[in-house]
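Structure assessment
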Amino acid sequence: MGERDSKAIKKIQATGLMRKLMGAYFQELDEAARTGNRKIAWCTSVGPAELLRSFGFLVYFPENHGAVLGSSRMAQDLIPAANARGYSPDICSYLTSDVGSYLKGETPLKQAFGMAGVPRADVLVYNTNQCRDVKDWLAFYEREWDVPLIGIDTPRGLGDLSRDHLDGLIAQHKALIPTLEDISGRAFDLDRLKEVVASSYRCTMLWKQVLGSATHRPSPLTFFDGTIHMGPAVVLRGLPEAEHYYEVLIQELEQRNADGVAAVDGEKHRFYWEGMPVWGKLRDHALLFSGQQACVVASTYCNSWIFEPLGSDDPFEGMARSYTELFIVRSEDFKERYLADMFASYDIDGIIYHDAKTCPNNSNCRYGMPQRLTRTTDVPYVTINGDLNDLRLYSEEQARTQFEALIEQLHEQP
Amino acid sequence: MSTFYCGVDIGASATKLVLLDDIGEVLARTLRPSGVDYAGTAATCLDEAVRSAGREGGPALTVATGYGRDNVAFADETRTEIHCHGTGCFHEVGRRISIIDIGGQDNKVIHMDDAGRRREFKMNRKCAAGTGAFIEEIALRLGLTVEQLDGLAAAADEPVRLGSFCTVFTKTEILSHLRRGAAVESIVRGAFISVVDRIVEMDPLEGEVVATGGVIAHNPTIVEILAEHLGRPVIVPEAPQFTGALGAALTARRAAGD
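In this text the structure is predicted, and so the values were computed from the model without any measurement.

What follows deals with the pairing of strand β3 (residues 26–33) of chain B. Residue and element names in this part refer to chain B. One ladder, built from seven bridges, connects strand β2 (residues 14–21) with β3; its direction is antiparallel. Bridge pairing in β3 links Leu20 to Val26. As consecutive antiparallel partners, β2 and β3 are separated by four residues, and within that stretch Gly24 has a phi angle of approximately 90 degrees, a positive value.

In structure tokens form, the structure reads like this:
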């Protein structure tokens, strides 16, 4: 690959609006933490955020903080502090980054948004649909702050979702209500919940449209753009600001498609990213691919924030189904079918599997899936070893050589 | 004087350079430790090769490969070592093959089809177990030079089994074998078996297998152990440490249209 002149990353204009909205979100949390004017709930990324908002909680997502610690590369200095307290280097590096951040009193939120620090929780709410680590993560703060830890324990490895599964999950959601009423001082309001869920549903459908714009050739956005622009879909879902943001973003992406503006100039090859981003290398990876006229157009990660069942008439049914029908919760057979469909929809030439050392649930290359899928789809792949936040587990040279070798292989195809 | 082409492979341990003439015949090969000045090492290798080939001037086109591929000031193009090892081996064998390359700090398995196209490849995980670096560490632990290892492994009656993935843990295991009176020859053979174990667990090795790289060039006993494990012969090219550089030179010649 002689072309070493990495192309610049094309800026999405809506980014300014996103920063403004995210800034307002964090400042509101900061004010609540300082003054106590609003109750704060910590919620895992695919936890029952809508239910919490219906009680008037400001909702803070520690996984979002984990990603910020990774992309700012502060994680490197913070993880060892958690390791020293008995949190193994082999468990979730979002967890160890965040616990390290707490122990050292350091967070990029201070500088980025003028916050006093990470806002202290009044209640900690988890859903183990991502992994058991999210529960253990919040349990650290339960012990530190002596605040209630409540949540949903989701079954794993599901093929079809049965009525029994759903009823159990709905019951778990409803069981949270008394504690949330007690902490918020408000009675549960079904109509309010329906409004929040309806807004979250509109947000999710707009986010789906954003990601779907990348089926266009050339793609108007990359996976690396997606990981940044999914911020509102994660932390602002259920609020009108998120809907507004994605309306603006879609307009820009549709305009790009109408004008033939590519995220990667001269897009030759289209890739799928399976697994977590390497947050501290996001920019490097974006440049590496664009420099080779290759665009990573789709990913499981970004698509995991599409919650279509929220459109259900019953908000509990919608939440239970949405947060359990997720890719990460499903069986290998389901995942295989899902990925094969994605490769076809996005016209994928090659796949990057990221085997993230500390995130087994998001590393779908450990049970023979790449080999099986390549046999059935004929799409070549590479597996890179790395991690979401812990760059001690990532080899720059090996990853680069593998990316480039796969691109070379595609160039060589007749 | 007719034109010639250059391929240079800057690996973690050694820099290899091959010059080809306009009909694809090898004019010269040079090898030096990569050291810390990749650009300087590559330039020295080129000077030596040009002199040894009795040529004047520079190559018509140069392709650089290996970890230091971006450091070669006189390179016109770069390719990954995966491409170059595949191209170099296929040039020598000319049919569908699985290639094992054992380098200084990484291992590769590359599958080529009958037309010389790469079908698939794997690199070792980021750990250097089973690479040249592992063998250097074992030599150091045993107070031997790497050159002594192959002869010792060949002379061993029974190998000791070294069970750990980790180079550091393997060194600890060696200590306990030494304490129990195991022969050095048996330990070295055990280490060589461990290298083969790391390779065969990377990917299924179907059909004909070609082995390349510095570790293969200097340790024919590893090839014997590999062949024994696979139950069939393993092909070793004429200059196994140079197949990456040869592939790079062939790519240069092809790019120039010769």
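Moving on: the nonpolar core. Of all hydrophobic cores here, the largest spans 145 residues; its most connected members are Trp207, Trp273 and Phe289 of chain A. Among the domains, domain 1 (17–190) and domain 2 (193–412) of chain A are the pair contributing at least three residues each to this core. Dropping the residues within four chain positions of it, Phe289 of chain A is found in contact with Phe224, Phe271, Trp273, Ala294, Val296, Ile352, Phe403 and Ile407 of chain A. Core analysis: the next-biggest nonpolar cluster, separate from the first, contains 35 residues, Ile138, Leu205, Val209 and Ala227 of chain B among them.

Right, let's talk about the packing of aromatic side chains for a bit. Residues and elements named next belong to chain A. Under the definition given, this model contains 30 aromatic pairs over all chains. Taking 5.8 Å as the distance between ring centres and 85 degrees as the angle between the ring planes, the aromatic pair formed by Tyr87 and Phe140 counts as edge-to-face. Highlighted residues: Tyr87 in the loop between α4 (75–84) and α5 (93–104) and Phe140 in helix α7 (residues 133–145), separated in sequence by 53 residues. This pair shows no difference in class: Tyr87 is buried, exactly as Phe140 is. Centroid distance Tyr272 to Phe343: 5.3 Å. Interplanar angle 75 degrees. Geometry classified as edge-to-face. Taken together, the residues span a long stretch of sequence, with Tyr272 in strand β5 (residues 269–274) and Phe343 in helix α17 (residues 332–345) at a distance of 71 residues. Per residue, the accessibility class of Tyr272 equals that of Phe343, and both read buried.

Next up on the list: the environment of Asp47 of chain B. Mapped onto the secondary structure, Asp47 of chain B falls in helix α1 (residues 38–53). The exposure class of Asp47 of chain B is partly exposed, given its relative accessible area of 45%.

All names here are of chain A. Taken as a whole and assessed by the stated rule, the structure comprises four cavities of 30 Å³ or more. Its boundaries defined by the atoms lining it, the largest cavity holds a volume of some 60 Å³. Taken together, Leu211, Ala214, Leu221, Thr222, Phe223, Gly226, Val297, Ala298, Ser299, Cys302 and Asn303 make up the lining of the largest cavity. Counting only elements with at least two residues in the lining of the largest cavity, the list comes to α11 (223–229), β6 (294–299) and α15 (300–303).

This structure, assessed with the given rule, holds 44 salt bridges over all chains. Close ionic contact of Glu243 of chain A with Arg202 of chain A constitutes a salt bridge, the shortest N to O distance being 2.7 Å. Note that Glu243 of chain A is positioned in helix α13 (residues 240–259) and Arg202 of chain A in helix α10 (residues 190–212), a separation of 41 residues in sequence. We classify Glu243 of chain A as buried; its relative accessible area is 10%. Given the relative accessible area of 42%, Arg202 of chain A is considered partly exposed. Residues Arg29 of chain B and Glu238 of chain B are paired through a salt bridge, measuring 3.9 Å at the closest nitrogen-oxygen approach. Highlighted residues: Arg29 of chain B in strand β3 and Glu238 of chain B in the loop between β10 (234–235) and α9 (243–256), separated in sequence by 209 residues.

All names here are of chain A. Here the domain parsing of chain A yields domain 1 (17–190) and domain 2 (193–412). Summarising the inter-unit geometry, the C-alpha centres of domain 1 and domain 2 are found 23 Å apart. Contacts between domain 1 and domain 2 engage 56 residues on the former and 52 residues on the latter. Of the roughly 4500 Å² buried at the junction of domain 1 and domain 2 (both faces included), carbon and sulfur atoms supply 63%.

Calculation criteria
Sequence order as written defines residue numbering, which begins from 1 separately in each chain. Chain A is the first chain written and ligand 1 is the first ligand written, with later ones labelled in order. Given that the model is predicted, a residue must reach a pLDDT of at least 70 before its local features are reported, and side-chain atom pairs must reach 80 or more before they are shown or counted; all residues, however, enter totals for whole chains, interfaces and linings. To get the side-chain values, take all heavy atoms of the structure and skip hydrogens and water. By definition, two strands form a pair when at least two bridges between them are found by DSSP. For helices the rule is a DSSP run of H or I covering at least 4 residues; for strands it is a run of E covering at least 2, with both sets numbered from the N terminus onward. Joining through side-chain atoms within 4.5 Å is the link that ties buried Ala, Val, Leu, Ile, Met, Phe, Trp, Tyr and Cys residues into a set, and such a set is a nonpolar core. Only protein chains enter the accessibility calculation, which uses a 1.4 Å probe. A residue is then buried if its area is under 20% of the maximum for its type, exposed if over 50%, and partly exposed in between. Each domain's extent was defined by an automatic or database domain assignment. The criterion used for residue contact is that any of the two residues' heavy atoms lie within 4.5 Å. Pairing of aromatic side chains here covers Phe, Tyr and the six-membered ring of Trp, requires ring centres within 6.5 Å, and sorts the geometry by plane angle: under 30 degrees stacked, over 60 edge-to-face, intermediate tilted. Think of a 1 Å grid over the protein atoms and nothing else: a 1.4 Å probe that fits but is trapped marks a cavity, an open set flanked by protein within 12 Å on at least five of seven lines marks a pocket, and residues with an atom within 4 Å of a point count as lining. Grid points are joined across faces, edges and corners, and a volume is the space filled by probe spheres set on the points. Only one rule defines a salt bridge in this text: a Lys or Arg side-chain nitrogen within 4 Å of an Asp or Glu carboxyl oxygen. Buried area: the accessible surface (1.4 Å probe) lost by two parts on joining, summed over both.

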